[in-house]
Structure formats: structure tokens, C-alpha cells
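Examination of the molecular architecture
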Amino acid sequence: MIQFIFDCVLVLLLLSLAWRSVTDPDLLRSIVQFIIMGLLMAVAWARLNAPDVALAEAAVGSGLTGALVLSAWARGCRSGRKGGPK
Amino acid sequence: MRRIWLLLFTIGLPLFLIAPALMKLPRSSPNLTAPSVEALPQSGVSNPVTAVLLNYRGYDTLLEVGVLLLVVIAVWSLQESRWRELDASEQRPLLMPFLRLIMPVLVLVSGYLLWIGSSRPGGAFQGGAMIGGAMVMLISAGLSRRFSTSERRVRAGLVVGLTVFMVASVTTLLWSGHILCYRQNSASSWILAIEVAAQISIGVTLGALFLGGRPRTLSPERPKLEVNRD
């Protein structure tokens, strides 16, 4: 029962983070939401008994992609795009 | 409000159309789980995921490693890296000792992930991501100069995975007539060799991607590093 509740919360969190990471007007906030979504996705893979995919998701999907997106964001700010850092 | 209706419509209509087809699906769909588990003792490794990635479907992994190399070539041809190397006076007093502590641990953990990959979750991609993460830390700490001073070694690291994979492909093609179809007694050695090389390449590739461009050209007193540019 408690696992079922955990899974439901996980799925709801994933869906809401996915939705907000593409719709949030603040770029930095949507990047952070994307990274958190990747981490929770790793938890979801672990719950699905796929620890290999969970490891890869946590390392590549969340960690390195997050670092790449953040550095692209920092570069975008430097060239003064909209939504960049103030 | 209209957006929500549009969303419900775009999700609901396909669901409504697909649902009847889904109901008619047989309970147990045909899959390759049983044959792949059966062949596991012959694959050279005991972790089914590694067996699929490097033995049963080695061709896919070969192409993946090739794609990673293509990505780096594309990024390097776009621009020079904009990461600045920090002088000793600008470096953070706490960060540097911390990096010195954590780097050997990261390398050790990545080696462990590679080694454990033959029997438990882990493998070249996860281990390579550890190395990539270590490089991300070094670059953001302002230590990107090594990419320029040892550019030849970086390039060797980028291609070693695909090279070893190609050697394995050609050798197995000549031996058995099929690409990446290892003999049973040499399968685990081949897989280990490919994984070590692929892990180095994946790690260096991810680091090079975070660098965001080819390594900076160094000052003119090192002219031999400036060949083959532009």
C-alpha cells in the first residue's frame, strides 16, 4: 500500500515537473525543474527494477545534461537574451 | 483555459482511438527474454543488460559510440571553447584541495562501475559519465588548460573507443563471419577491452562537450600545438 502511494506521488511529481519545466517563464527555474525531474526519473527507473537505466539517467540524463543546459543558459545571459539572468 | 481543453483533446482523442486496439492485445506478448536469459552463460558476462549492450546487440552500441564521436567533431568545428583558465591567484582556496581529494575517488568509482558491470548494474556508460562529471568539475573550477596542453591525448581518448570497437568488429567478422559475434571462450575478454576503451571515450567526450568548443589555442611559444587549425 505504502509503495502504491509512493509510486502515485512519484508519477504526479514527474508529470507536474515535466509540464512546468517546459511552461515556466523563468528559464533558470525551468532548468532546475528539468534537473529535478531527471533525478526523480532515476528513482522511477529504480522502482521499475531497472537499476542500470536508473544509474545512466541519474548520471547522464540529470547530471551532465543539467550541467550542459546550465552552461548554455549562462552563455545565453551573457549575450543578453530574454529570460536570462538579471 | 483554452490551452487545457486543447491539451485534453490532443491526449484524449489518440487515447480514445488506441484503446480498442490495446484491449485486443494478447496477454503475453512475444519477446526475447527467455532466449536471452538462456544464452547468458555463453555471452561472457552475467549481467543481462551488459550482455545485450555488448554481445547480442553490440552493433547498436558500436553506432552509439560513433555518434558520440560525431557530436564532438560537430561541436569542435563550431567554435573555440570560452572557458577561461584561472590563474593561481584567482583559484578558490578550498575548492582546489577538495578537487585533489575527490578526483582519485571519482576515477576509482568509475573503474569500479566498469568492472562491476559484468555481473551487476554498471558498465561503460555509467563509468564514463563519472569521468565526464569529474571533467565538468575541473572545467568549471577553471582548470581547462589541460585540454589545450595535452590536446593530442584528448583526441586519442576521443577516438580510442570507436577504434577498439572497430578492431573487434573486423576481427570477429574475419573469424566467424558475423560482426561482433565472439567465440564463447574469448567473449568476456573482448567485452572488457571494448568497455574499457568505450568508457575512456565516453568520459572524454562528455568532458569535451561541456568544454563547449575545441580547446583554446595556446600562446605562440607553443607553435606545434597550433597546426591543423581552421
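1. A closer look at the overall build of chain A
Of the regular secondary structure elements, chain A holds three helices and zero strands. Ordered by position in the sequence, the α and β elements of chain A form the string α-α-α. By residue count, 22% of the 86 residues in chain A fall in the buried class. Taking contacts inside chain A between residues at least 6 apart in sequence as the whole, the part at least 24 apart equals 42%.

2. Considerations on the overall build of chain B
In terms of regular secondary structure, chain B is built from nine helices and zero strands. The order of helices and strands in chain B, counted from the N terminus, is α-α-α-α-α-α-α-α-α. Compactness check: chain B gives a C-alpha radius of gyration of 23 Å against a globular reference of 17 Å for 230 residues, more than 25% above the reference. For chain B, the proportion of its 230 residues judged to be buried stands at 31%. Considering only intrachain contacts with a sequence separation of at least 6, the fraction spanning at least 24 residues in chain B is 77%.

3. Observations regarding the nonpolar core
The biggest cluster of nonpolar side chains holds 54 residues, and the ones touching the most others in it are Phe-165, Ile-194 and Phe-210 of chain B. Broken down by secondary-structure element, the contributors of at least two residues to this core are helix H2 (27–47) and helix H3 (51–78) of chain A together with helix H3 (48–56), helix H4 (58–78), helix H5 (95–116), helix H6 (124–140), helix H8 (151–176) and helix H9 (187–211) of chain B. With 13 residues, H9 of chain B is the largest single contributor of residues to this core. Discounting residues that sit within four places of it in the chain, Phe-210 of chain B has contacts with Ala-67, Leu-68 and Ser-71 of chain A together with Met-135, Val-136 and Ile-139 of chain B.

4. Considering the interface of chain A and chain B
The partner chain B presents 15 residues to the eleven residues of chain A that form the contact. Counted by class, the side of chain A that touches chain B contains eight nonpolar, two polar and one charged residues.

5. Some details on the packing of H8 of chain B against H9 of chain B
All names here are of chain B. H9 packs onto H8 with a crossing angle of 150 degrees between their chain directions and a minimal axis gap of 8 Å. As summarised for this structure, H8 and H9 are arranged roughly antiparallel, according to the angle between their axes. Taken as a pair, H8 and H9 cross one another with a handedness that is left-handed. Note on element contacts: H9 touches H8 through Trp-190, Ala-193, Ile-194, Ala-197, Ala-198, Ile-200, Ser-201, Ile-202, Val-204, Thr-205 and Ala-208, opposite Val-154, Gly-157, Leu-158, Val-160, Gly-161, Leu-162, Val-164, Phe-165 and Ala-168. Counted by class, the contact of H8 with H9 contains 16 nonpolar, four polar and no charged residues.

6. Overview of H8 of chain B
Residues and elements named next belong to chain B. Taking 1.5 Å per residue, 26 residues should reach 38 Å; H8 reaches 38 Å between its end C-alpha atoms and fits that length. Of all the bends in H8, the greatest measures close to 40 degrees and is centred on Val-159. Of all the positions in H8, only Gly-157, Leu-158, Gly-161, Leu-162, Val-164, Phe-165, Ala-168 and Thr-172 are classed as buried. Two residues or fewer past H8, Gly-177 is found with a positive phi of approximately 85 degrees.

7. What about the packing of helix H1 (residues 2–23) of chain A against H2 of chain A?
Residues and elements named next belong to chain A. Between H1 and H2, the shortest axis-to-axis distance is 9 Å and the interhelical angle comes to 150 degrees. Classed by the angle they form, the pair H1 and H2 counts as roughly antiparallel. You can see that H1 and H2 cross each other, and the crossing is left-handed. Residues Asp-7, Leu-10, Leu-13, Leu-14, Leu-17, Ala-18, Arg-20, Ser-21 and Val-22 of H1 form the contact with H2, whose own contacting residues are Ser-30, Gln-33, Phe-34, Ile-36, Met-37, Leu-40, Met-41, Val-43, Ala-44 and Arg-47. In terms of residue class, the contact of H1 with H2 is built from 13 nonpolar, three polar and three charged.

8. A few points about the confidence of the model for chain B
Residues and elements named next belong to chain B. Overall, the predicted model of chain B reaches an average pLDDT of 86, with 94% of residues at or above 70. Low pLDDT, under 50, characterises residues 221–227; the stretch is placed with four contacts to residues that sit more than four places away or in other chains. With pTM at 0.81, the complex prediction returns an ipTM value of 0.79.

9. Describing the environment of Ile-179 of chain B
Residue and element names in this part refer to chain B. Position of Ile-179 among the secondary structure elements: in the loop between H8 and H9. Ile-179 gets classed as partly exposed once you count the C-beta atoms within 10 Å, which come to 13. Contact partners of Ile-179, with chain neighbours within four places excluded, come to Tyr-59, Ser-169, Thr-172 and Leu-173.

Scoring rules and cut-offs
Residues numbered from 1 in each chain as written. Chains lettered and ligands numbered in written order. Predicted model: local features only at pLDDT ≥ 70, side-chain atom pairs only at ≥ 80, totals over all residues. Helix = DSSP H or I, 4+ residues; strand = E, 2+ residues; numbered from the N terminus. Buried ≥ 20, exposed ≤ 12 C-beta atoms within 10 Å, placed from the backbone. Contact = placed C-beta atoms within 7 Å. Rg over C-alpha atoms; globule rule 2.2 N^0.38 Å. Core = buried A, V, L, I, M, F, W, Y, C linked by C-beta atoms within 7 Å. Nonpolar A, V, L, I, M, F, W, Y, C, P; charged D, E, K, R; others polar. Axes fitted to C-alpha atoms, helices over the stretch in contact; angles between N-to-C directions. Parallel < 35°, antiparallel > 145°, perpendicular 65-115°, else oblique. Left-handed = near helix turned anticlockwise from the far one by under 90°. Expected span 1.5 Å × (residues − 1). Bend = angle between axes of the 7 residues up to and from the residue. pLDDT = per-residue confidence, 0-100.

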